[in-house]
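Fold and contact review
If you want the building blocks of each chain, they are given just below.
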There are 4 protein chains.
Amino acid sequence: MQRSMDSELPPLSIKFPPAHPFDDDKLHEECGVFGVIGLTDASNFVALGLHALQHRGQEAGGIVCHQPGQGFHSARRFGYVRDNFTKESLMKTLPGPLAIGHVRYSTSGSKGPTQIRDVQPFFGEFSMGGAAIAHNGNITNAIALRRELIERGSIFQSSSDSECIIHLMARSLQRDIPERMEDALRRVEGAFSIVAMTGTELIGVRDPLGVRPLVLGRLGDGWVLSSETCGLDIIGAEFIREVAPGEMVVITEAEGIDSRFPFRPRKPRFCIFEHVYFSRPDSILGGRSVYETRRQIGVELAREAPVEADLVCPVPDSGTPAAIGYAHESGIPYGMGIIRNQYMGRTFIEPTEQIRNMGVRLKLNVNRALIRGKRVILVDDSVVRGTTSRKIKEMVLDAGAKEVHFRIASPPTSWPCFYGVDTPERDKLLAANMTEEEMTRYLEVDSLRFVSLNGLYRAVGEAQGRDTEHPQYCDACFSGEYPVEPTDMIDKGFQLKAAE
Amino acid sequence: MQRSMDSELPPLSIKFPPAHPFDDDKLHEECGVFGVIGLTDASNFVALGLHALQHRGQEAGGIVCHQPGQGFHSARRFGYVRDNFTKESLMKTLPGPLAIGHVRYSTSGSKGPTQIRDVQPFFGEFSMGGAAIAHNGNITNAIALRRELIERGSIFQSSSDSECIIHLMARSLQRDIPERMEDALRRVEGAFSIVAMTGTELIGVRDPLGVRPLVLGRLGDGWVLSSETCGLDIIGAEFIREVAPGEMVVITEAEGIDSRFPFRPRKPRFCIFEHVYFSRPDSILGGRSVYETRRQIGVELAREAPVEADLVCPVPDSGTPAAIGYAHESGIPYGMGIIRNQYMGRTFIEPTEQIRNMGVRLKLNVNRALIRGKRVILVDDSVVRGTTSRKIKEMVLDAGAKEVHFRIASPPTSWPCFYGVDTPERDKLLAANMTEEEMTRYLEVDSLRFVSLNGLYRAVGEAQGRDTEHPQYCDACFSGEYPVEPTDMIDKGFQLKAAE
Amino acid sequence: MQRSMDSELPPLSIKFPPAHPFDDDKLHEECGVFGVIGLTDASNFVALGLHALQHRGQEAGGIVCHQPGQGFHSARRFGYVRDNFTKESLMKTLPGPLAIGHVRYSTSGSKGPTQIRDVQPFFGEFSMGGAAIAHNGNITNAIALRRELIERGSIFQSSSDSECIIHLMARSLQRDIPERMEDALRRVEGAFSIVAMTGTELIGVRDPLGVRPLVLGRLGDGWVLSSETCGLDIIGAEFIREVAPGEMVVITEAEGIDSRFPFRPRKPRFCIFEHVYFSRPDSILGGRSVYETRRQIGVELAREAPVEADLVCPVPDSGTPAAIGYAHESGIPYGMGIIRNQYMGRTFIEPTEQIRNMGVRLKLNVNRALIRGKRVILVDDSVVRGTTSRKIKEMVLDAGAKEVHFRIASPPTSWPCFYGVDTPERDKLLAANMTEEEMTRYLEVDSLRFVSLNGLYRAVGEAQGRDTEHPQYCDACFSGEYPVEPTDMIDKGFQLKAAE
Amino acid sequence: MQRSMDSELPPLSIKFPPAHPFDDDKLHEECGVFGVIGLTDASNFVALGLHALQHRGQEAGGIVCHQPGQGFHSARRFGYVRDNFTKESLMKTLPGPLAIGHVRYSTSGSKGPTQIRDVQPFFGEFSMGGAAIAHNGNITNAIALRRELIERGSIFQSSSDSECIIHLMARSLQRDIPERMEDALRRVEGAFSIVAMTGTELIGVRDPLGVRPLVLGRLGDGWVLSSETCGLDIIGAEFIREVAPGEMVVITEAEGIDSRFPFRPRKPRFCIFEHVYFSRPDSILGGRSVYETRRQIGVELAREAPVEADLVCPVPDSGTPAAIGYAHESGIPYGMGIIRNQYMGRTFIEPTEQIRNMGVRLKLNVNRALIRGKRVILVDDSVVRGTTSRKIKEMVLDAGAKEVHFRIASPPTSWPCFYGVDTPERDKLLAANMTEEEMTRYLEVDSLRFVSLNGLYRAVGEAQGRDTEHPQYCDACFSGEYPVEPTDMIDKGFQLKAAE
């Protein structure tokens, strides 16, 4: 009998997710997590926090909460936080002083539509009580673990890798839930920033490398966990510190924070792409302003790859801070040569008489009056497949630009991410298949330059650039050096970079 | 920490079920099951079969199917079969020659709204493949089993008793799925008629007492399992035989029926109330026409409890066959003194100026012209709490009836059912708390008579009446003699009838 | 420019109506109306009244009400009354002591889906205030009136014939709204029973022939208008009298009923088919019980068309009273040989391996045990196209009946109705194209007999039968004698019966 | 009887519009219009054009089209264009080479939720055929016209002022539809840019002052009308020219453009606020780039109101071009001190423990790392009620700014607009009630300066500034000089500015 993990699992309730948003040819973070303890109607705070983290996942969101005397409640919904978790009828079904939440990105393509049962947080009932768990990242040995657990008699209800953690916890020999979670997470490989809860405890964990972010905040008598600091800002919480790589914090109303380190210590390798694109510019990562880092990448780019031109123009919105930096460093005027439609969204039906670059036009329009007759530097954050870059270049030339120079605020993206980011397969990555020069010709632009890996490291504050022996960040998407072995992918035939 | 099994389990996806239909003060069957193997697009047949079984459960329905090369697919929906499983967009997601389905009744009150995850069939993925299972009946030791399974590390995803079977199967030592099911069912107590499937097998099982019905049919090269024969009729399938009490049939396209008897043999005890009310009048149960049995109950009633009157009038629709029998036997004219609104349904908002018996008026209206000035015999199938009977009597008297005589086509219902029927608690059952005479006074009618237990047995063809040593049917709701010990209920404090 | 009235009018809001219910090959009443004045939250009463009249129209319903100081409010919805006008959130938007409502039937076929803007009541704002109007019937000169009004500058917003009345009222020279309505209705031809309202008046009107029913009731200090008496029964209102043919009643809280007769008097011609099929059996029409009339038609049939047989079996549910009468008169036992699925509804997807008579099977099943080996008399209310009759006959024979005799409780339906009933075109009416003998052969039954037109008249109490000079009823569907000339239809080419 | 125009009109179909978007304390354009003739499936182009014009109205949208041989079709929907007019199932009901569309803004407050029947385009059927009409602007004598038309017997179906035009056309003595429209528009006062259609003609009209924009474009063999040039850009149409103030263009496929001037000529007075805020920065108005004009306003502001500071920071997104201009002219660095949440939207439930400035936080977050310790110039486009400005100032100070200086890219807004813009009443406008100095104290900022009216005129290219005798633009919101008398408002008691 032919079987596949996906098709074997019938949907508990098929709901078609919202149409995939405009393909913007970017890498995408897959999740954001948020948790609150010690505040009245914690779910209302979680809803706000998830809204601030919406850029980390737009497809679906979920909240689990606990009200003493009533037990756990939860809701999972497809769509934006603002469209679901703003309704009083829903929010009043989510009472209590302790709640966690999750937003997830719509992963595209072959996997088919997400089922509502795949939407986190996941819940499990153990003999000593219930627990809910939400995670940002990716378990790289999930398939192997799943196979093992099914052999032992576990029944899986979702196709999510996160469900493994609940089943491992159910089989742990330990006595209380945080200890069972420690036990379970020691079997898990990959990148994960977890927010979890029991009936009385809010729990945060980061994997030993600290690949994904997780921060701790305080609001009144309550404690807050959030993927990014912008989640603290929206509710007016004070930023206390990051959860450390490899740390587990177990927070109770009565005793506050109990910090544990259940894993073998390793040198941290935070994801450098969080600085480049994933995180919001108003967030603080590793003590550094994301906006300032991006602006600084622009400065590095202007130094590494100067060019004579009349206008520095960002590809909105993600290229904006680097463009400001580039303009400032180069002295070339900054201007909004490309205008973004703030109502962008779904795919429209293409008229019979085809419209050139319709996909991009739905999102962007060229400010002709500004562009006409000018030599334009376009600053973008990254090039993934190059499809959008080509179209933007065409629109800018059609509008009368004399020259088009691309400046990219990250090194060439030539390897897929297995740590919680949605990347195309390697043969779809432009930089995996072409040199910078070939890409310049392919995009038909006057010049194309990427910031160097060392330039990027300098922009994040490493004055000496990248430590090639012990890199300070996870930069696998640029370098092909994976700090955690992608077990499941290797089983499926993925070829690691040959040792040099 | 306070915990309850229900509140602990957060909803995977909260959907409010349709408002509970008009409280008709009846006992209600909780489920119907249907399965097909060997017919193209089996799900289309299952949809029709479930539609014919809709009277066994109106709240929700589900279908699981299997398409070779594609694996399993499923859909679960709240509401009527006709409103969900008639849509081409849905049905074409349910391909393949093998499918099972389930309809369930909306259990009322304290348990809260059903979650979509509680809707059967349930699915489990085992190391040797997947299986889906749907059942009609009730597992009387489900809570004890659930506690044991959680101790062993199983994660429950629903509050349904049926999920135990899947988890027991997951932990079985046996090699193939039917054997694992045998293994699991030997741990299960209670009443169950099961329809299940693997990727290649359609499976039907009845508990050793055969409390709930399950029949086998044939259509072309395919096989069909259905709770009742009316499910065969709608698709034009030929009735072959009943699945025997304690029998498991494992049906494959290639080899047809493999019949097994995994349980210790016991004397069958089919539910006698299926004859009285649950089953459709056009079904055949145990070789007997339900319509004819009900008509015969009316004949017995006319013999046991004659009265002088001008009109025999059924309480529609369930009292109709018995009323026809009563009229025929007594020679008193038969007439439709009460008209049923075929569009009955939800609860309307009661106007400020209250309407007497509004609940009943939404469903029934008295045919004044026929009733006025007459001595009326009202024939109903049963009296549960007596609330509706009182209101009907009032309406009939308001319409000008001279006398009202109730004749009830079943013995007094004085014990709850624990085998898959939704019954009020004992203190709500009128007959558990009053004698026939007290009930007559309580209902304020000119006379009230129930058919005797022996009369009922005669009507189902037991010429000698009930065998008190070895009763031929399960009649616990009348006699208080429970053929399977209701373990969980005894744990919760239910008092069995004292031995006499 | 090619134009058609239907396509010219763009939908204000396209909403697809519920799928057309099972084609039962019946004529269908197109509307029911209801109105209340002088009761708190009159809309709640209207909702109940419309629910009781749901058999007169299932596609959509609407309510308009008036609250002093707030003005008019309204709601129109597709679907059953119980699914819409039971929601507190909706009903509390419909306040005040004065309300009218309407249910409409889904007319099938070429006209396309109904728009919500076509759902009555219609509303118009005049210089002296607003008025709403709902009607049951059909305006036979609507197209001509519409053409005239458009010439004068009226803008139509719906494709409904009723909107003409509002526009005629808007252009009337009269000073108050009831007078304007009189003025307008004198231009209108056809059959109409109208319920209308201003901010202070409830108005009821019947056309001069009184083709459609309309009754007046009293509840406490309030007054009620309803298409049938069953609408009074559900709210416990007392039946006062019928609104007379050609009468207009203008009811105010302060002064009660003001009765006017705005039309030239004519001899009434009430629709005889209301007795045969449209009205509910528990209603009283023209002082006669509909149930009793139908039962009496069965008696007439047994006298006119006796046959030796073993069982009298109704085609449920509409054939039931006549079958009871036939059985009683003939002495042949009455039995439920055909069982109706109470959950009937939509069209299911037909399986690849076709099921014989699937459409009928969804609605009806034969009670084989009762039918087998018997000579069966099937009593049905009418034969329209004959499609369902054929299928029922097949099912009954398949179940083993020895003989099948059809007895029809109305004369052959050979002419379309233009007075508010949905009838097929003439060439689709079986009786318009075949003699009784041809129909018997076409249906392949052992015998087929219709009650005679005189028999029908006797059953409605006309001991002398039909007065051929001055028929007591409108029986155009049987006789082809149209009491009001169908102007629009003649314009479209309809051929009246040649004078004899 | 108490009556109000709004409450008198019962809803044809109540649908609750999407919750009002975040109150951003801005003036809002109320509509955008778009039309296409001569392109296959014109509705697909209209959908794209409306999407590009979505910033002019977010509440609802509608499209009417005409297919020869089939007549007119239409659809109206609440919500964004991208959520409705992207569905193939809907778009294929909108065939033909000629279509017009409309987006409308959700006007807030006392008027209650918009009804779908109020959504344009409006349609009317005349004796010579049908016509549809959509307009951007406001009819200032609509109430007077409506009263007159009702007296004459017109039945209004909406509460929209635009419906007057259809009724005036219905009563015109002229022979063809364009002539009837000319006739009707000569009775209409106010500001209007109209896109209309018959079965064969696309029609565009601007009022004699040309207050609202309307441009003409060409794509292949087709013609396009759009409120702004960005609507041409999205479909790749070439900008031909603006429709002139007072011009009516009647476009047919066969004969192209027929230009008429039906009104008495007047000196144009285009709305200057379209340059300041309403139009998209990539549009061209009156031959001028909106982006460049806004940038130039920033330059003027830097000259008129310099201040020593460390950072020029836009209030996103509308303040961005002016901030770029200010920074460039002043030499002070430009930076993104305030970050906008791109997923902003609905109102969240405010937690019990209140969050300071929650409304603004949902939309904006301060980039603390950039702001801290700096003297910040905040550049915003306008101040309406001042509520948001106060909150932004607080957030910026909380983040550690040393000084906060507001620079506003428009003069003080002290008069309401009656020409199609949603403005608060006069007593809610901050600048109507305070001097610049009082506003500075009220907002508690270190300084607050508006660009002068002359500075604004210079930025739009009037080197000599405003011509006080014959102002070149409509600037009533700043000057109180209304070029068209607001008849209805004066009837309601509005006080014009006293002559000086």
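Conventions adopted
Residues numbered from 1 in each chain as written. Chains lettered and ligands numbered in written order. Predicted model: local features only at pLDDT ≥ 70, side-chain atom pairs only at ≥ 80, totals over all residues. Heavy atoms only, no water. Pairing = 2+ DSSP bridges. Helix = DSSP H or I, 4+ residues; strand = E, 2+ residues; numbered from the N terminus. Axes fitted to C-alpha atoms, helices over the stretch in contact; angles between N-to-C directions. Buried < 20%, exposed > 50% of the residue type's maximum accessible area, 1.4 Å probe, protein only. Right-handed = clockwise from strand over helix to strand, strands pointing away. UniProt positions renumbered as here; feature names shortened; annotations may be inferred. Contact = heavy atoms within 4.5 Å. Arc of directions from axis to C-beta. Parallel < 35°, antiparallel > 145°, perpendicular 65-115°, else oblique. Left-handed = near helix turned anticlockwise from the far one by under 90°. Domains from an automatic or database assignment. Buried area = accessible area lost by both parts, 1.4 Å probe. Salt bridge = Lys/Arg side-chain N within 4 Å of Asp/Glu carboxyl O. Nonpolar A, V, L, I, M, F, W, Y, C, P; charged D, E, K, R; others polar. Polar contact = N/O pair within 3.5 Å; in protein donor to acceptor, adjacent residues only side chain to side chain.

All names here are of chain C. The 7 strands are arranged 4-3-5-2-11-10-12 in an open sheet whose pairing can be described as antiparallel. A single partner strand is all that each edge strand has here, and the edge strands are strand 4 (71-78) and strand 12 (238-242). In this sheet, neighbouring strand axes are inclined to one another by 15° on average, regardless of whether the strands run parallel or antiparallel. By the bridge criterion, 4 bridges tie strand 2 (residues 31-37) to strand 11 (residues 222-226) in an arrangement that is antiparallel. Bridge pairing in strand 11 places Gly35 opposite Leu225.

Look at any regular strand and the pattern is simple: side chains alternate between the two faces of the sheet. Residues and elements named next belong to chain A. The buried fraction of strand 21 (residues 375-380) is high, at 5 of 6 residues. Two elements, strand 18 (residues 311-314) and strand 21, share 4 bridges in a ladder whose sense is parallel. Across the sheet, Cys313 pairs through a bridge with Leu378, a residue of strand 21. Alignment of strand 21 against strand 22 (residues 403-408), held across 6 bridges, turns out to be parallel. Residue pairing across strands places Val376 opposite Val404, the latter belonging to strand 22. Of the crossover connections in this fold, the one passing from strand 21 over helix 14 (residues 387-398) to the parallel strand 22 is right-handed.

In this section: the UniProt feature "binding site: [4Fe-4S] cluster" (unreviewed entry) in chain A. Residues and elements named next belong to chain A. The feature "binding site: [4Fe-4S] cluster" (unreviewed entry), as given by UniProt, occupies Cys271, Cys417, Cys474 and Cys477 in the numbering adopted here. Look at the named residues: they lie 207 residues apart in sequence, but the longest C-alpha span between them is just 10.1 Å, so in the fold they bunch up. Among the secondary structure elements, Cys417 is positioned in the loop between strand 22 and strand 23 (421-422). Looking at Cys417, the relative accessible area reads 15%, which means it is buried. With residues up to four places along the chain from it excluded, the contact list for Cys417 reads Arg212 and Thr423. Tracing the sequence through the fold places Cys474 in strand 25 (residues 473-474). The contact partners of Cys474, leaving out residues within four places of it in the chain, are Arg269, Phe270, Cys271, Ile272, Tyr419 and Pro483.

Residues and elements named next belong to chain D. Taken together, the buried positions of helix 5 (residues 142-151) are occupied by Ala142, Leu145, Arg146, Leu149 and Ile150. Along the long axis of helix 5, the arc covered by the buried residues comes to 130°, so they all point the same way. For helix 5, the exposed residues set more than 90 degrees away from the buried face come down to Arg147 and Glu151. One or two residues past the end of helix 5 sits Gly153, with phi positive at roughly 105°.

Cis geometry is adopted by the peptide bond preceding Pro121(C), which originates at Gln120(C) and carries an omega value of 0°. The backbone of Asn357(B) shows a phi angle near 55°, a positive value even though the residue is not glycine. Note on placement: Asn357(B) falls in the loop between strand 19 (338-340) and helix 12 (358-361). Unusually for a residue other than glycine, Glu444(D) sits at a positive phi of about 55°. Of note, Glu444(D) is situated in the loop between helix 16 (436-443) and strand 24 (447-450).

It is worth spelling out the arrangement of the chains at this point. Between chain A and chain C there is no contact; the minimum C-alpha to C-alpha separation amounts to 13 Å. At no point do chain B and chain D touch; the closest pair of C-alpha atoms across them sits 13 Å apart.

Quick look at the packing of helix 10 (residues 290-304) of chain A against helix 11 (residues 320-330) of chain A now. All names here are of chain A. Packing of helix 10 against helix 11 brings their axes to within 6 Å, and their N-to-C directions diverge by 45°. Between helix 10 and helix 11, the angle falls in the class oblique. Judged by the sense of rotation from one axis to the other, the crossing of helix 10 with helix 11 is right-handed. Of the residues in helix 11, those in contact with Tyr291, Arg294, Arg295, Gly298, Val299, Leu301, Ala302 and Arg303 of helix 10 are Pro321, Ala322, Ile324, Gly325, Tyr326, His328, Glu329 and Ser330.

Attention now moves to the sheet that holds strand 9 (residues 201-206) of chain A. Residues and elements named next belong to chain A. Strand order in the open sheet formed by 6 strands is 6-7-8-9-13-14, and the pairing between neighbours is antiparallel. Single-partner strands in this sheet number two, and they are strand 6 (122-126) and strand 14 (256-260). Averaged over neighbouring strand pairs, the angle between their axes works out to 20° when direction is ignored. Relative to strand 7 (residues 129-139), strand 6 runs antiparallel, the two being bridged by 5 bridges. The partner of Phe123 across the bridge, within strand 7, is Ala132. Contacts from helix 7 (residues 177-185) reach strand 6, strand 7, strand 8 (190-197), strand 9, strand 13 (248-252) and strand 14 within the one sheet, and its direction differs from that of strand 9 by about 20°.

Our next topic: the domain arrangement of chain A. Residues and elements named next belong to chain A. Assigned domains of chain A: these are domain 1 (31-269) and domain 2 (290-342 + 350-482). In this structure, domain 1 and domain 2 have C-alpha centres spaced 34 Å apart. The partner domain 2 presents 13 residues to the 12 residues of domain 1 that form the contact. Interface of domain 1 and domain 2: buried area, both sides summed, is about 900 Å²; carbon and sulfur atoms make up 50% of it. A per-residue breakdown of the area domain 1 buries against domain 2 is headed by Arg212, Lys267 and Arg269, which together make up 53% of the total. Taken together, the links from domain 1 to domain 2 amount to 0 salt bridges. When grouped by side-chain class, the residues that make up the side of domain 1 that touches domain 2 number 4 nonpolar, 5 polar and 3 charged.

Once that is clear, we can look at the interface of chain A and chain D. With 63 residues of chain A at the interface, the matching set in chain D holds 63 residues. Here chain A packs against chain D, burying approximately 5,500 Å² in sum over the two surfaces, 61% of which is carbon and sulfur. For chain A, the biggest contributors to the area lost against chain D are Tyr343(A), Phe348(A) and Ile349(A); these three give 14% of the whole. Where chain A touches chain D, the interface holds 2 salt bridges. Arg368(D) is paired through a salt bridge with Asp233(A); the nearest N and O atoms lie 3.7 Å apart. Linking chain A with chain D are 18 residue pairs in polar contact (both at pLDDT 80 or more), by the criterion used here. In terms of residue count, the dominant contributor to the side of chain A that touches chain D is helix 2 (residues 42-52) of chain A (6 residues). By residue class, the composition of the side of chain A that touches chain D is 31 nonpolar, 18 polar and 14 charged.

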